[in-house]
Amino acid sequence: MTDTEREIYEAAREFKNSRFNVIPSVLFTNHKAMEDGEYDEVLSLVAGGRTCCSYCGEEVELDDDTDEWTCDNCETSGDRDELSMEGSPYAWPCAHSYMFWYDDGLDITEAAADAGFLVFESPDMSGVILGIDGGGYDFVEAHWVKLYNNLGLKWHESE
Ligand SMILES: [Zn+2]
């Protein structure tokens, strides 16, 4: 790691620690609406994760130009509204035991999805809640540094 990379790493960690509220995932999974299978009452995925064919569940790619997708598996196609968002192959809402609530003014949805986060909204909360569906690696390096860079933050330069 170069000096600059080290400074960006520390700044990204500082961004995470100072602007996000950490929430144990179990508070969402223990929500009473979950027992009735009403997941959207608790959290709904708005960006990130996988986009899947709503007929067979196979992962498909949305064409940004036409806003359409084609499923090779069951030979159907559709538009954005007919996609099924399947965010969490490992666990719902995510494999990591903690989630990160952000409500501090910036629109981070696309930047966070691009950095590998699952981006959720909850009807009871403003802002977005980020989840990481993974484990066993350095989250700061894999996700937070990317988010920091995607947002164009320059905290490391003023230190
Ligand atoms: Zn299909």
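What counts, and at which threshold
Residues numbered from 1 in each chain as written. Predicted model: local features only at pLDDT ≥ 70, side-chain atom pairs only at ≥ 80, totals over all residues. Domains from an automatic or database assignment. Pairing = 2+ DSSP bridges. Helix = DSSP H or I, 4+ residues; strand = E, 2+ residues; numbered from the N terminus. Axes fitted to C-alpha atoms, helices over the stretch in contact; angles between N-to-C directions.

Looking now at the domain arrangement of the protein. Each assigned domain of the protein is listed here: domain 1 (3–49 + 88–158) and domain 2 (50–86). Taking only C-alpha atoms, the centre of domain 1 and the centre of domain 2 are 25 Å apart.

Moving on to the sheet that holds strand S8 (residues 118–121). Consider a sheet: its strands pair through backbone hydrogen bonds, and that pairing is either parallel or antiparallel. Taking strand neighbours across the sheet as the criterion, the 5 strands line up as S1-S7-S9-S8-S2 in an open arrangement whose pairing is antiparallel. Pairing within the sheet leaves two strands with one partner each, and these edge strands are strand S1 (21–24) and strand S2 (44–47). With strand direction ignored, the average angle separating the axes of adjacent strands in the sheet is 40 degrees. Pairing of strand S7 (residues 98–102) with strand S9 (residues 128–131), which is carried by 3 bridges, proceeds in the antiparallel orientation. Bridge pairing links tryptophan 101 to isoleucine 129 in S9.

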